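In case you want the letters, here they are:
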Amino acid sequence: MSLLVVGLSHRSAPVSVLERAALSADAQIKLLQDTVAAEPATEAAVLATCNRIELYADVDKFHAGVAELSTLLAQHSGVGLEELTPYLYVHYEDRAVHHLFSVACGLDSMVVGEGQILGQIKDSLAKAQDLHTAGKLLNDLFQQALRVGKRAHSETGIDRAGQSLVTFGLEQLAVGGAVEDWARGKKALVIGAGSMSSLAAATLARAGVAEVVVANRTFERADRLAHLLEEQYGQGLAEADDNAVTARAVRMDALPGELTRADVVVSCTGATGLVLTAETIAQAVEGRTGAPVAEAADSARTTDDRGARTTGDGSARTAPKATVAPLPPAGVGSDENCPLDLAAVQPGFSLMGEAAVAGMDAATLEQHAAWAAGGTTARPGRRTPEADAELITALAATAATVGRIPERRRPEPPAERPAPLFFLLDLAMPRDIDAAVHRLAGVRLVDIESLADASVDAPMAADVDQVRRIVSDEVAAFGAALRAAHITPTVVALRTMAADVVAGEIARLDGRLPDLDERQRGEIRQAVHRVVDKLLHAPTVRVKQLAAEPGGAGYADALRTLFDLDPETVASVSRAGDSTDTKDRPA
């Protein structure tokens with residue numbers, strides 16, 4: 001087995017790199033064709049989802065295969081090889097099998113346990129089969145991965161560890177509340193009619209939205225999805241059902257008008273550019289409210305789910321330095337012994353900052369420190385020069401150690417954003433919705449990047465350990481089966497050679513003993529066959545067992561050498577087996 005996978009995912013690369021490296025349907029086809037045309041690879045399959053791009057291949061040389069597959073990924077993704085290389089991971093042989101099985105079980109998903117990946121693996125295999133780039137190895141591998149994934153979901157509670165990205169995204173829009181309570185009665189707009197968009201539309205319908213509008217570049221697909229939603233969740237099913245949903249399809253040029261009606265928008269298309277710009281969303285909000293939309297108070301720096309300050313596009317930003325107001329006079333104030341003249345303090349000036357204490361004498365500084373700490377020290381009388389010198393020396397020593405005079409600053413209240421009235425979920429890669437929408441007041445946008453941040457602390461079910469054990473067992477079984485299959489053509493060739501020897505000896509016996517009747521000939525023929533079968537049974541069974549163990553690949557070569565088997569005969573048996581296996585395999 002020479003299975004190799006080279007790829008990148010949300011675990012190895014930032015969303016911005018994944019977004020740029022996303023492969024269109026045409027690019028995937030060209031990548032598969034170029035991979036099998038390359039010298040090291042004989043089979044190829046691409047697994048491309050919203051948060052991973054992986055190229056699987058059967059290669060005859062490891063290092064040459066890694067170099068070729070990495071180069072091809074860079075060429076077809078449009079991201080330079082030097083930029084892409086730090087984010088790539090490589091798995092080989094058993095580790096590659098383990099990786100795909102883990103992916104199929106949802107262990108490597110952004111939301112652990114989600115089951116949508118099984119459909120994506122199935123689509124990946126179907127595409128490779130249609131293009132004839134999947135041979136016996138990848139066919140067996142991907143079909144077994146599908147079985148392992150289904151086993152994990154049926155035998156464990158891995159489903160409880162996570163949900164699909166759609167469900168997780170809607171939970172983020174609901175800000176911790178129940179999705180059903182949040183969605184009830186809302187009008188939803190779904191952009192796209194593919195598998196992810198269809199799942200989003202069905203999830204919203206089940207959650208209790210009043211209306212689902214589907215927009216797609218191909219109107220017929222949008223209309224078909226809308227009809228399916230009507231049949232399953234529409235008014236005709238239950239006239240008295242308050243949760244019944246109306247569904248309709250629109251063309252893409254109707255988006256501006258539909259945006260002003262929608263409460264929640266889910267977008268997942270295959271577009272290479274933005275589908276919804278920040279200006280379009282701002283106009284939609286203005287159409288809903290009748291007032292121009294403003295940037296939120298904290299638009300320059302929004303807090304992500306990990307507490308880090310980021311810009312609207314998710315990149316890190318250093319907090320701007322505060323503007324220092326002119327110093328107020330250092331008179332005696334009236335707020336619990338504050339030594340500052342509070343009446344002269346300008347708005348926005350920090351009474352606890354370094355600027356406030358600049359120029360104070362030692363006694364006033366001491367009173368300010370007590371006031372800032374919540375103490376009740378009264379303003380003392382005039383201190384002696386010696387006492388002032390002692391205090392100033394202590395402050396100078398502190399400043400020399402920490403680099404500044406220590407300050408006690410009351411925490412500033414966080415900037416508040418207005419409650420959102422417009423909810424957007426972007427599940428596309430590359431993104432459909434401009435990241436600048438994060439800065440608009442009254443709008444909540446959840447995209448792949450914010451989902452990745454939120455999923456860092458997502459709870460994992462105890463069943464994950466059980467799934468990991470299933471994956472390990474299945475990887476061992478798959479490897480043993482492949483190694484055993486590798487020696488099967490040699491065993492078949494050996495038995496064929498033995499049968500030819502028996503047939504030749506029986507023919508020679510017929511010529512030397514022509515007086516034997518048919519019953520006697522049959523007895524002799526059966527006796528010779530039994531002798532040969534018994535002599536070959538134990539060695540062939542044992543050699544299959546040994547070959548199935550790690551490091552057992554050399555037993556096939558030993559068998560061919562010991563019995564002087566023709567390599568071409570073995571190869572022809574192998575080709576015949578592959579042909580039959582492919583013909584009998586379901587599409």
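It should be noted that the structure appears before, not after, this text.
Criteria and cut-off values
- Residues numbered from 1 in each chain as written.
- Predicted model: local features only at pLDDT ≥ 70, side-chain atom pairs only at ≥ 80, totals over all residues.
- Heavy atoms only, no water.
- Helix = DSSP H or I, 4+ residues; strand = E, 2+ residues; numbered from the N terminus.
- Buried < 20%, exposed > 50% of the residue type's maximum accessible area, 1.4 Å probe, protein only.
- Contact = heavy atoms within 4.5 Å.
- Pairing = 2+ DSSP bridges.
- Axes fitted to C-alpha atoms, helices over the stretch in contact; angles between N-to-C directions.
- Patch = residues over 30% accessible without salt bridge, like charges linked within 9 Å, V, L, I, M, F, W, Y side chains within 5 Å.
- Areas by Shrake-Rupley, 256 points an atom, 1.4 Å probe, with all protein chains shown as cover.
- Salt bridge = Lys/Arg side-chain N within 4 Å of Asp/Glu carboxyl O.
- Parallel < 35°, antiparallel > 145°, perpendicular 65-115°, else oblique.
- Left-handed = near helix turned anticlockwise from the far one by under 90°.
- Nonpolar A, V, L, I, M, F, W, Y, C, P; charged D, E, K, R; others polar.
- Right-handed = clockwise from strand over helix to strand, strands pointing away.
- Phe/Tyr/Trp six-rings, centres within 6.5 Å; stacked < 30°, edge-to-face > 60°.
- Lys NZ or Arg CZ within 6 Å of the ring centre and 35° of its normal.

### Observations concerning the overall build of the protein chain
And then number 1: The helix and strand tally for the protein chain stands at 21 helices and twelve strands.
And then number 2: Taken across its 587 residues, the protein chain has 45% of its residues classed as buried.
And then number 3: Contacts spanning at least 24 positions in sequence make up 69% of the contacts within the protein chain whose residues lie at least 6 apart.

### Structural notes on the sheet that holds strand E7 (residues 246–251)
The strands making up a sheet associate through backbone hydrogen bonding, with each pair oriented either parallel or antiparallel.
And then number 1: The six strands lie next to each other as E7-E6-E5-E8-E11-E12, forming an open sheet whose pairing is parallel. Here the strands that pair on one side only, and so sit at the sheet edges, are E7 and strand E12 (443–446). Each neighbouring strand pair of the sheet contributes to a mean axis angle of 15°, computed without reference to strand direction.
And then number 2: Summarising the sheet, strand E11 (residues 422–426) and E12 pair through four bridges and their orientation is parallel. Looking at E12, one finds that Leu425 is bridged to Val446.
And then number 3: Packed onto the sheet, helix H10 (residues 195–207) meets strand E5 (187–191), strand E6 (211–216) and strand E8 (264–267) and runs at close to 170° relative to E5.
And then number 4: This element, helix H11 (residues 219–233), spans E6 and E7 of the sheet and lies at about 175° to E7.

### A look at helix H8 (residues 165–173)
And then number 1: Burial analysis of H8 places seven of its nine residues in the buried class, which makes it a mostly covered element.
And then number 2: Leu165, Val166, Phe168, Gly169, Leu170, Gln172 and Leu173 are the residues of H8 that are buried.
And then number 3: Trailing H8 by a residue or two, Val175 shows a phi angle of about 50°, which is positive.

### Observations regarding the sheet that holds strand E1 (residues 3–9)
And then number 1: Strand order in this open sheet of four strands is E2-E3-E1-E4, and the pairing throughout is antiparallel. Edge strands, defined here as strands with exactly one partner in the open sheet, are strand E2 (41–49) and strand E4 (89–92). Taking each pair of neighbouring strands and ignoring which way they run, the sheet shows an average axis angle of 15°.
And then number 2: Sheet strands in contact with helix H2 (residues 25–37) are E2 and strand E3 (52–59), and its direction is about 160° off that of E2.

### Details of a nonpolar patch on the surface
And then number 1: A cluster of nonpolar side chains, Met497, Val501, Leu562 and Phe563, forms an exposed patch at the surface whose accessible area comes to about 370 Å².
And then number 2: On the secondary structure map, Phe563 appears in the loop between helix H20 (554–562) and helix H21 (567–584).

### Structural notes on the packing of H2 against helix H3 (residues 62–77)
Between two packed helices, both the angle of their axes relative to each other and the distance between the axes serve to describe the pair.
And then number 1: Across the interface, H2 lies against H3 with an axial gap of 10 Å and an inter-helix angle of 155°. It follows that H2 is roughly antiparallel to H3 by the angle criterion. Relative to H3, H2 is oriented so that their crossing is right-handed. Taking contact as the criterion, the partners of Ala27, Lys30, Leu31, Asp34 and Thr35 in H2 are, on H3, Leu69, Leu72, Leu73 and His76.
And then number 2: Tallied by class, residues from the contact of H2 with H3 come to five nonpolar, two polar and two charged.

### Focus on the pairing of E5
And then number 1: With four of its five residues buried, E5 lies for the most part within the structure.
And then number 2: Where E5 and E6 come together, five bridges link them in parallel fashion. Its bridge partner being in E6, Ala188 is matched across the sheet by Val212.
And then number 3: Taken together, E5, H10 and E6 form a β-α-β motif whose crossover is right-handed.
And then number 4: Direction of pairing for E5 relative to E8: parallel, over a ladder of four bridges. Bridge pairing in E8 places Val190 opposite Val266.

### A few points about the packing of aromatic side chains
And then number 1: In this structure the tally under the stated criterion is four aromatic pairs.
And then number 2: Ring geometry for Tyr56 against Phe142: centres 5.4 Å apart, planes inclined by 80°, an arrangement best described as edge-to-face. Here Tyr56, found in strand E3, pairs with Phe142, found in helix H7 (residues 136–155); they are 86 residues apart in sequence, far enough to count as distant.
And then number 3: The buried category is assigned to Tyr56, whose relative accessible area is 0%.
And then number 4: Judged by its relative accessible area of 0%, Phe142 falls in the buried class.
And then number 5: Centroid distance Trp182 to Phe423: 5.2 Å. Interplanar angle 90°. Geometry classified as edge-to-face. Of this pair, Trp182 sits in helix H9 (residues 179–183) while Phe423 sits in strand E11, and the two are 241 residues apart along the sequence.
And then number 6: You can call Trp182 buried: its relative accessible area is 10%.
And then number 7: When the ring centre of Phe219 is taken as origin, the NZ or CZ atom of Arg251, which lies over that ring, is 4.2 Å away.

### Considering unusual backbone geometry
And then number 1: Residue Pro430 is bonded to the preceding Met429 through a cis peptide linkage, with omega at 5°.
And then number 2: Mapped onto the elements, Pro430 comes out in the loop between E11 and E12.
And then number 3: Positive phi is not limited to glycine here, since His132 has a value of about 60°.
And then number 4: Counting through the fold element by element, His132 comes out in the loop between helix H6 (116–130) and H7.

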